[in-house]
Amino acid sequence: AKVGVIGLGYVGMPLAIELSKKGYQVYGIDINVEKISRLKNMDFYISGVNKEDLHEVINSKKFIPTNDFSVISSLDSINICVPTPLTKDDIPDMSYINSVVEEIKQYMHKELLIILESTTYPGTTEELIEYELTKKGYKAGEDYFLCFSPERVDPGNGKYNTKNIPKVIGGKTQLCTEIATLLYKDAIQSLVTVSSPKIAEMSKLLENTFRSVNIAFINEMAMLCEKLEINIWEVIKAASTKPFGFMPFSPGPGIGGHCIPLDPMYLSWKARELNFYSRFIELAHEINHYMPEYVLNKVEIALNNVNKSVRNSKILLLGMAYKPNIDDLRESPSLSIYHTLKEMGALVEYNDPYATQFTDNEGNIVHSIELDHQNLRNFDCIILLTNHNVYNYQEISENSNLIIDTRNAFKNIDTPNIVRIGDSPQV
Ligand code: SAJ
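Conventions and cut-offs
Residues numbered from 1 in each chain as written. Predicted model: local features only at pLDDT ≥ 70, side-chain atom pairs only at ≥ 80, totals over all residues. Heavy atoms only, no water. Phe/Tyr/Trp six-rings, centres within 6.5 Å; stacked < 30°, edge-to-face > 60°. Buried < 20%, exposed > 50% of the residue type's maximum accessible area, 1.4 Å probe, protein only. Helix = DSSP H or I, 4+ residues; strand = E, 2+ residues; numbered from the N terminus. Pairing = 2+ DSSP bridges. Axes fitted to C-alpha atoms, helices over the stretch in contact; angles between N-to-C directions. Contact = heavy atoms within 4.5 Å. Patch = residues over 30% accessible without salt bridge, like charges linked within 9 Å, V, L, I, M, F, W, Y side chains within 5 Å. Areas by Shrake-Rupley, 256 points an atom, 1.4 Å probe, with all protein chains shown as cover. Salt bridge = Lys/Arg side-chain N within 4 Å of Asp/Glu carboxyl O. Core = buried A, V, L, I, M, F, W, Y, C linked by side-chain atoms within 4.5 Å. Arc of directions from axis to C-beta. Parallel < 35°, antiparallel > 145°, perpendicular 65-115°, else oblique. Left-handed = near helix turned anticlockwise from the far one by under 90°. Nonpolar A, V, L, I, M, F, W, Y, C, P; charged D, E, K, R; others polar. Right-handed = clockwise from strand over helix to strand, strands pointing away.

A. Structural detail: the packing of aromatic side chains. A full pass over the atoms with the stated rule returns seven aromatic pairs. Between Y350 and F358 the ring centres are 5.3 Å apart and the planes differ by 55°, which places this aromatic pair in the tilted class. Judged on exposure class, the residue Y350 and its partner F358 are both buried. Ring centres of Y393 and F410 lie 5.0 Å apart, and the angle between their planes is 80°; this geometry places the pair in the edge-to-face category. On the criterion of sequence distance, the pair formed by Y393 in helix α12 (residues 393–398) and F410 in the loop between β14 (403–405) and β15 (418–420) is long-range, its members being 17 residues apart. Across the pair, F410 and Y393 agree in class, each one buried. Within the aromatic cluster, the residues linked to one another by ring pairs are Y338, Y350 and F358.

Here it is, written out as structure tokens:
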């Protein structure tokens, strides 16, 4: 069979490889011309994708990268893995899905299996895909097959990957679901069928909204514990000994990534469309996005306590990526902390061995500086924002003036120069 994957990002690429390795002839369709030509020349790398696997499937022509959507007319199935970002006013940006649907309408044919994988609000599959194809005279479940199957890729996760993460599949009809399970069978180890695309769409949003709400909750508990002069980290450790009914989350400087800050906003947007105000989702978003400000308030107080101000202080940020041991900067709270400190007149540098550069709000490239323990005393304050494993926390604590620890990375170190989120203010 000939299958297509539309959108060759951190979701589409691993899926295209797994389907190629299963023996399908796979066409990877992407609008990015440079990406396609680099893929053809095998000089394209994306985190979470095994380079050898990629080269093997391209060399064997099992995986054919292309910009040409007309190939759809000869395909048996297509998986849509395009971005679903937010617009600047935090509402769903469906432009990527809509433009793919326009292409599909051009090359639509009978028997085509269409699977939407992009995270989106419940109802998208029927309202944006089925609706358009019905207007073209195609009936889902008879003339073609339509499913939603959420992506659950967790970039940087060494244990769980596209092949071994259970895949939820919700077809428009039973037959749609069955045909989709044939496609994924063997390529993905465990398939979970549900009764409709909406169930599948909502299950994904439940997973990630659950995280956003719980992260906001533990952030609030951290702020409360500071008032109570109780160490939240020890409290979480104690509560985690409960063998059932509890799941620990960690306070932090905010939430980053391509999922958790965005997915819940798709659900709350749809809720508002239905005149339902989802207070949990909106409040979680508010608390999580307040955390960078909370961190900066602690920095200001800690510097004041040593008779310094943020203005003209030399500050080193440790960790720009949104979570440990990966290079992804998307929505990272470190970025907003960096920019605000600069606006406050601080002299800010950063180190991140994974995210080695980024473009700041003025369009300048900012580079990670070498972490030299001997020079740490040059900084009035060190702010630990991402607890990468590579950092030597003992060394850093012994060579720094003042440390603001937003991740309890210095948990086993109690030198007096450390101020922690979620602990009674010291220094
Ligand atoms: N965060 C906290 N405290 C926590 C957990 C996370 O502050 O207890 C922060 C992280 O630092 C990060 C943000 O929240 O900035 C998101 O963290 P995340 O662990 O949810 O990481 P993501 O965004 O990579 O989430 C992905 C999701 N996977 C998919 O959407 C397919 C999520 O569903 C996974 O549960 C998560 O990975 C995971 O468990 O690693």
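B. Structural detail: the sheet that holds β14. Spatial ordering of the open sheet is given by β10-β9-β13-β14-β15, a layout of five strands whose pairing is parallel. The open sheet has two free edges, formed respectively by β10 (347–351) and β15, since each of these has just one partner strand. Averaged over all neighbouring strand pairs, the angle between strand axes comes to 20°, with direction disregarded. Relative to strand β13 (residues 381–384), strand β9 (residues 314–318) is paired through four bridges, and the arrangement is parallel. When the sheet's bridge partners are listed, L316 is paired in β13 with I382. Packed onto the sheet, helix α11 (residues 333–343) meets β9, β10 and β13 and runs at close to 175° relative to β9.

C. Summary view of a nonpolar patch on the surface. Side chains of L224, L228, I230 and V235 sit close together on the surface and give an oily, nonpolar patch of about 310 Å² of accessible area. Within the fold, I230 resides in the loop between α7 (197–228) and α8 (232–239). By relative accessible area, which is 35% here, I230 ends up partly exposed.

D. Quick peek at the sheet that holds strand β3 (residues 63–66). Taken together, the eight strands give an open sheet; going across it, the order is β3-β2-β1-β4-β5-β6-β7-β8, and neighbouring strands pair in mixed fashion. Pairing within the sheet leaves two strands with one partner each, and these edge strands are β3 and β8 (191–194). Direction aside, neighbouring strands of the sheet carry axes that sit 25° apart on average. Pairing between strand β5 (residues 113–116) and strand β6 (residues 145–148): four bridges, direction parallel. Directly across from L113, in β6, lies its bridge partner F145.

E. Broad picture of the nonpolar core. The biggest cluster of nonpolar side chains holds 45 residues, and the ones touching the most others in it are V299, I315, L317, M320, L341 and I383. Leaving out residues up to four positions away in the same chain, V299 has contacts with V310, I315, C381, I383 and I404. Listed in part, the 38 residues of the second largest apolar core include I80, L112, A200 and L267.

F. Expanded view of helix α6 (residues 174–184). Burial in α6 covers these residues: C176, T177, A180, T181, L183 and Y184. Buried residues of α6, seen end-on, are gathered within an arc of 155° and therefore sit on one face of the element. Exposed positions of α6 whose direction lies more than 90 degrees from the buried face are Q174 and L182. Directly beyond the C-terminal end of α6, a positive phi value near 75° is found at D186.

G. Structural detail: the packing of α7 against helix α9 (residues 263–273). α9 packs onto α7 with a crossing angle of 115° between their chain directions and a minimal axis gap of 8 Å. Here α9 runs roughly perpendicular to α7, going by the angle between their axes. Where α7 crosses over α9, the handedness of that crossing is left-handed. In this structure, α7 contributes M202, K204, L205, N208, T209 and S212 to the contact, and α9 contributes D263, P264, Y266 and L267. A breakdown of the residues in the contact of α7 with α9 according to their chemical character gives five nonpolar, three polar and two charged.

H. Layout of the pairing of β5. Burial of β5 is two-sided: the residues L113 and I115 facing one way and the residues I114 and L116 facing the other way are all buried. Pairing between strand β4 (residues 77–80) and β5: four bridges, direction parallel. Each residue of the ladder has a partner; that of N79, found in β5, is I115. A crossover links β4 with its parallel partner β5, the connecting element being helix α4 (residues 95–107), and its sense is right-handed. Once the chain exits β5 it traverses helix α5 (residues 124–135) before rejoining the sheet at β6, and the crossover so formed is right-handed.

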